[in-house]
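Examining the three-dimensional arrangement
The residues making up each chain are set out below.
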Amino acid sequence: MKKKILNQFWLQKPNSNLFFLIFYIFFFQSCKSKIKGLDISGEWRLAYGVSVDSVEKISFDKSILLPGSLQEQKFGYKIDLNTKWTGQVVDSSWYSSPNYERYRKDDVKVPFWLNPDNVFVGEAWYQKEINIPKDWKEKELVLFLERAHWETTVYLNNKKLGTENSLSTPHTYLLTDFQPGKNLLTIKVDNSMIIPVGVNAHSVSDHTQTNWNGIIGEMKIFPKKNIQIEHLYIKPSFENNEVYIKSTILNQSDAPVNGDLKINVIDKNSQKIIKELDYPLALTQGKNIFEYNILFDDNLNVWNEFTPNLYELKCTLNYAQEKSEKSETFGMRDIKTSGRAILNNNTPIFLRGTLESGIFPLTGYPSMDEAYWKKIYRQLKAHGLNHIRFHSWCPPKIAFQVADQEGVYLQVESGVWGTVGTGSPLDEWLYDETEKILNTYGNHPSFIALMHGNEPQGKSVDYLTELVDHHKQLDGRHLYSSGAGWPYIPNADFFSTHAPRLHQWGDNLNSILNNTPPSTNFDFEELIKNVSMPSISHEIGQWCVYPNYDEIKKYTGLLKAKNFEIFQETLRLKGMSHLSQDFMMASGKLQALSYKAEIEAALRTEEFSGFQLLDLHDFPGQGTALVGVLDAFWDSKGYITADEYSQFSNSTVPLARFNKFIWESGETFTSAIEVSHFGQTKHNNIQLNWKVMSLEGELINEGSLKGDLEFKNKNQFGEIEWTTPEVVKGQQYKFILEIPELKKINSWDLWIFPKPSMIIPKKTHHTHHFDEKAKAILKSGGKVLLTVAEESLKPEYGGDIKVGFSPIFWNTAWTLKQAPHTLGIFLDPKHPVFKNFPTSYHSNYQWWDIINGSSALNLDTFDHQYMPIIHFIDDWFTNRKLSLLTEVKVGDGSLLICGKSIDENTDNLVQNYFLKSLLDYMDSEDFDPSYNLEENQIEMLFKR
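Let us look at the structure shown here. Just so it is clear, the model here is predicted, and its values are computed rather than measured.

Let's shift gears to helix α4 (residues 425-441). Helix length check: α4, at 17 residues, gives a terminal C-alpha distance of 24 Å against a target of 24 Å (1.5 Å per residue), a fit within 8%. With respect to burial, α4 is a largely interior element, 14 of its 17 residues being buried.

Pasting the structure below:
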């Protein structure tokens, strides 16, 4: 596509009498104008589902409140089998599977995302009688509609005025042919796929914010002056302690005019004027551009995540006894790159980010509420993060304003997850949309990066290379790249890459957490070494947790958690409702452990520039992806606190590199100590303390190191070593690093086991197969330990379940059953089988050697009241009763079935000790199974 270079007043077409409208938002929203607008919010008449060739023929038989959406006010259509969703349904089994039959009738429930009360796609007509003041008769009027979805067409007194289709910025219209007094205003809003941005794009999709129809922001009409300040472009320079201003002034009078422009710069903290300037102006007819470099005597206070200092630039144009005023907020934020680093005000920063994908469960559309955005950003920062990527959408102005105040770095996208560079209408629309975003929100210091959207298809390299070049020529205040995830283009400012993360799409059980024994001695340096620009990892994590059914009652608005209701009912039908909270908490602990591993690997990576989590909070779409430690409302689920999370995710994080979490008595523990530091200041010769504690609080060892903290990952403090204590049974310990001066702490669990011993079963027969010998021993009243041979279970009894240590990646509905299929384990640590085996109620690294390569026994055919000793927590779509360890009575004999095949002569420390613990338990009086099965009921579980 040929690159489109537009006039310097950006989207303006030369000689267009509407050129001022696109960014008139600034006059209304940002300036402190003396002109008061006519508020047209309130009750409107509504019609939809009509097919007419003129506005006059429409019968407006409904009433609706605007701002708002049609769907949230109970208009539209109920969900049924024929609902045409805006969004891809990868697992379509809901439409045909007998398992979902009851949910396709009457009170329809779908499992793939939150369920709206009503859906509607198409044209909706909104009409209102407006009363235009008499003293506006000779003026030009502007209609301002903030955050319409999607395309609007405006009619005044049944005459069509125009059409706008921005997803991200206000729609503005010049009102003509009006009369003072009553006028009929009609707005058609069409939320069809106007431009092929992609059905999964979070700007339009039912996966998250829903494909709503309406107008949700400010709605006003106001008069436009013949001479006024149209636009202010502000670009701070940290090195020069100056601010460059480009002021666009429009003179639509019938003659040139002389005037003067007064500029005040105001510190918003103190409200003091720190700079006053006055410039005489000669305004020719049409558009006038004036450029100024404002130098400051004293250094401006910088804007960053720690000190989000803000200033107000107030411009007053005085001319012929009239004046025009305009104000903009800015910060001393000068973002750029140097080599593989991102710099803010010449200081390296590391982006610790998460996604926000348009998830607003109560309304089904983006919040316009300051308090809610404060909640989002404050939760973000409480968890040690400093950055949000708006996945394939751009938030409303209030989101930028609050981010400015809170010190949050924003990456904005133009609403696309689709195919680019093929000559479709999207290619041209993207140029317009990104320019509107830059002009509307570009002065906000929080706005540091812009992309077209997510994971592009098509001829993306050439197209996005030109688009990035265009952005750079247009606006030098931000960083630009191609798309989130790919492709690499050499003219980008940074590379969003999916390579540096622990689990890739399609990895199944071959990811680091599932095929490599646990350690902290790895990073992503090999994966980014050939990238010469800053690298930011794309959508890391995606680790799932079991649903929190207590959350269902929070969905009191448009969207209902009927997907959760389906999962909850299937759990009930399996007899496990009482375990739902246990499953959530146990899987949540594993999820948090996985995020800790993921984030720390990023922080150990030298010359790395950041990560973007998927996600800090849940993603309710794409099959239901419960990937957050916070729910969709940004509230905690209870298994990890913000303080705990921020220990491993923060501006300063102490880190350790050691080869394993499992140690033998008398071994020498060694670890390299380093610190990731992107704090407010550097530190020389700062002290770092380390210690090892037992869970009972006994100090095992301690020491201290000193080192320097530069703004980088991998500030090396040296190595430590200590000898693990002699233990008679397995013990868990806590390895702690602390920087007292900065109040930064991080820790890891370690396990120490006795030296492996020869295992000779006494009263118990140990086997990997349910063979004739095992049957005979059970018939005679003996004891059998069956550690199940790999791949010996029939598919219907667990042979088709792929178990990994990590939780489920994203969700199995969207990935089409990619492994792993489970969410860790749940157990009662007080059960006597764990008398000598150190464990809590959930997965941790001491279980890696047991879980890795194990089988999950499907106990759905067992009595509902029967529960295994160790549950594998199943995928919420199936909610099977899965076992890692279970005990039953078979005739007069007693059988313990373990899903891990363990040899008696194993030299694996954990497996040796776990097998010994199982045998000790079976030799004790505590081993007394009460649930009875017949021999053939055991035999049927296994392949022949």
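What follows concerns the environment of Tyr-921. Locating Tyr-921 in the fold gives a position in helix α14 (residues 909-922). Classification of Tyr-921 by relative accessible area gives buried; the value is 3%. Taking the C-alpha atoms as reference points, Tyr-921 and Tyr-431, 490 residues apart in sequence, are found 69 Å from one another. Setting aside its immediate chain neighbours within four residues, Tyr-921 contacts His-831, Pro-832, Val-833, Glu-887, Leu-896, Asp-926 and Phe-927.

A few words on the pairing of strand β39 (residues 683-694). Judged from the nine bridges that link them, β39 and strand β40 (residues 699-709) form a sheet pairing that is antiparallel. Bridging from a neighbouring strand, Val-692 pairs with Asn-701 of β40. Here β39 folds back onto β40, and the loop between the two strands holds four residues, one of which, Gly-697, carries a positive phi near 95°. Where β39 meets strand β42 (residues 731-739), six bridges bridge the pair, whose relative direction is antiparallel. Each bridged residue has a counterpart across the sheet, and for Met-693 the counterpart in β42 is Lys-734.

We now examine the side chain of His-444. For His-444, the location among the structural elements is in the loop between α4 and β29 (447-453). In this structure His-444 comes out as buried when scored by relative accessible area, which is 7%.

Throughout the structure, instances matching the rule amount to 63 aromatic pairs. Plain terms: the ring middles of Tyr-431 and Tyr-463 are 6.1 Å apart, the flat faces sit at 85° to each other, and that makes the pair edge-to-face. Residue Tyr-431 is located in helix α4, and its partner Tyr-463 is located in helix α5 (residues 460-474); the two are separated by 32 residues in the primary sequence. In terms of burial, Tyr-431 and Tyr-463 fall into one category: buried. Aromatic side chains Tyr-921 and Phe-927 sit 5.4 Å apart centroid to centroid with 65° between the ring planes, which places their arrangement in the edge-to-face category. Exposure class is identical for Tyr-921 and Phe-927. Each is buried. Members of the aromatic cluster, joined through ring pairs, are Phe-658, Phe-661, Trp-663, Phe-669, Trp-722, Phe-735, Trp-748, Phe-805 and Tyr-845. Sitting above the plane of the Tyr-48 ring, Lys-62 keeps its charged end 5.0 Å from the centroid. Directly above the aromatic system of Tyr-233 lies the positively charged group of Lys-246, at a separation of 5.7 Å from the ring centroid.

Attention now moves to the sheet that holds strand β11 (residues 171-175). Strand order in this open sheet of four strands is β1-β14-β7-β11, and the pairing throughout is antiparallel. Looking at which strands have only one partner, the edges of the open sheet turn out to be β1 (38-39) and β11. As paired strands, β1 and strand β14 (residues 219-224) are joined by two bridges and run antiparallel to one another. Across the sheet, residue Asp-39 finds its bridge partner in β14, namely Lys-220.

Neighbouring strands of a sheet are bound in pairs by backbone hydrogen bonds; such pairs are parallel or else antiparallel. Pairing within the open sheet is antiparallel, and its three strands lie in the order β4-β13-β8. Every other strand in the sheet has two partners, leaving β4 (68-69) and β8 (148-149) as the edge strands with one partner each. Alignment of β8 against strand β13 (residues 214-215), held across two bridges, turns out to be antiparallel. In the sheet register, His-149 faces β13, and the bridge partner there is Gly-214.

His-149 connects to Trp-150 through a cis peptide bond whose omega is 0°. As for its position among the elements, Trp-150 is in the loop between β8 and β9 (151-156). A cis amide bond links Ala-819 to the next residue, Pro-820, at an omega of 0°. Within the secondary structure, Pro-820 sits in the loop between α12 (812-815) and β46 (822-827).

Cut-offs and rules
- Residues numbered from 1 in each chain as written.
- Predicted model: local features only at pLDDT ≥ 70, side-chain atom pairs only at ≥ 80, totals over all residues.
- Heavy atoms only, no water.
- Helix = DSSP H or I, 4+ residues; strand = E, 2+ residues; numbered from the N terminus.
- Expected span 1.5 Å × (residues − 1).
- Buried < 20%, exposed > 50% of the residue type's maximum accessible area, 1.4 Å probe, protein only.
- Contact = heavy atoms within 4.5 Å.
- Pairing = 2+ DSSP bridges.
- Phe/Tyr/Trp six-rings, centres within 6.5 Å; stacked < 30°, edge-to-face > 60°.
- Lys NZ or Arg CZ within 6 Å of the ring centre and 35° of its normal.

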